[in-house]
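# Survey of secondary and tertiary structure
Here are the chains, one letter per residue:
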Amino acid sequence: MKKVKSSLKFLPFVLCLTLMLAAGCAQGPAPAPMTSPQPSSEPLGPLEGITIALDPGHGGDDGGCVGVSGTTEAELNLQVAFALRDALQREGAQVVMTRSDETVVYQQEAGKTRKQQDMASRMDVIEQARAQLVVSIHMNRYSDSGVRGAQAFYFEEGSDGQLLAQTLQQSLNALEEQVKKRNAATGNYFILKTPQCPSALVECGFLSNPQEEALLQDAAYQQRLAQALCQGIVTYLQQPQADV
């Protein structure tokens, strides 16, 4: 009888231990420790955090100049602007376009021509986007069909726009197809006068020159042209004196 009593006094402890083990099994394994999210290893593009406005000139019932084969400037402006937009976005830029199709939308205002209203609407797009840089895309034409070559324009000497245009011009001149090496020049264009940020207008080539018109219609050349402009923008922004 003494042995039985001795065993019985350990019974509550054994039952308690058994219940604790059972409860632990029912709850499942302990949760894994919390880990901090790892930062992305993807490098930032050189244009990360920069908002750039692209202005494909003309559009709608304003086709711009016409090439020797009947090509309209407005259509080519849009094609080059799209190629440039894609190149800039690959470098991390936020891109806004003043138009993205052949429809030009503007508010009717008394006392203003349709062209003036169109330009005012484009400026609204640029200002609302708080763009830090503006590049307007155009095509050129001249009475002498032998004239060719892309050229960048700025509004006034000593401006940030001048530095931007000069940097774009250097990049354009590096293109193998740029037979005529040009210098950036001043231009009295509305799109250059109004923005409160560096701006440049690029005449991508002469539609009055048969060889250059054919080049400007070629999708592969449009890509090379856009890449040259993109590289010019990156180079400009990497200069210490650039103001954006």
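As shown above, the structure is provided for reference.
The sections below set out a description of the structure shown in this document.

The rules behind these values
Residues numbered from 1 in each chain as written. Predicted model: local features only at pLDDT ≥ 70, side-chain atom pairs only at ≥ 80, totals over all residues. Heavy atoms only, no water. Helix = DSSP H or I, 4+ residues; strand = E, 2+ residues; numbered from the N terminus. Buried < 20%, exposed > 50% of the residue type's maximum accessible area, 1.4 Å probe, protein only. Contact = heavy atoms within 4.5 Å. Areas by Shrake-Rupley, 256 points an atom, 1.4 Å probe, with all protein chains shown as cover. Phe/Tyr/Trp six-rings, centres within 6.5 Å; stacked < 30°, edge-to-face > 60°. Axes fitted to C-alpha atoms, helices over the stretch in contact; angles between N-to-C directions. Parallel < 35°, antiparallel > 145°, perpendicular 65-115°, else oblique. Left-handed = near helix turned anticlockwise from the far one by under 90°. Nonpolar A, V, L, I, M, F, W, Y, C, P; charged D, E, K, R; others polar.

To continue, consider the overall build of the protein. Within the protein one finds eight helices and six strands. For the protein, the α and β elements follow one another from N to C terminus as α-α-β-α-β-α-β-β-α-β-α-β-α-α. Looking at the 244 residues of the protein, the share that counts as buried comes to 45%. Across the protein, contacts joining residues at least 24 apart in sequence account for 77% of those joining residues at least 6 apart. As displayed, the protein has an accessible area near 13,900 Å², and 55% of this comes from carbon and sulfur atoms.

Enumeration according to the criterion identifies one aromatic pair in this entry. An angle of 75° between the planes, with centres 5.7 Å apart, marks the rings of Phe153 and Tyr189 as edge-to-face. Placement of the pair is Phe153 in strand β4 (residues 151–154) and Tyr189 in the loop between β5 (185–186) and α6 (190–193), with a sequence separation of 36 residues. You can call Phe153 buried: its relative accessible area is 10%. Residue class for Tyr189 comes out partly exposed when judged on its relative accessible area of 29%.

Two elements in contact, helix α3 (residues 73–90) and helix α8 (residues 219–237), have axes separated by 8 Å at closest approach and are oriented at 50°. Judged by the angle between their axes, α3 and α8 are oblique. Along this stretch, α3 crosses α8, giving a crossing that reads as right-handed. From α3, Leu76, Gln79, Val80, Ala83, Leu84, Ala87, Leu88 and Arg90 reach across to α8, where they touch Gln222, Gln223, Leu225, Ala226, Gln227, Leu229, Cys230 and Ile233. For the contact of α3 with α8, a count of residues per class yields 11 nonpolar, four polar and one charged.

Here the focus is the environment of Ala165. By the element assignment, Ala165 lies in helix α5 (residues 160–173). Note on Ala165: relative accessible area 0%, which makes it buried. For Ala165 and Gln151, which are 14 residues apart along the polypeptide, the C-alpha to C-alpha distance reads 8.7 Å. Once residues within four sequence positions are removed from consideration, Ala165 is found in contact with Ala152, Phe153, Tyr154, Ala184 and Ala200.

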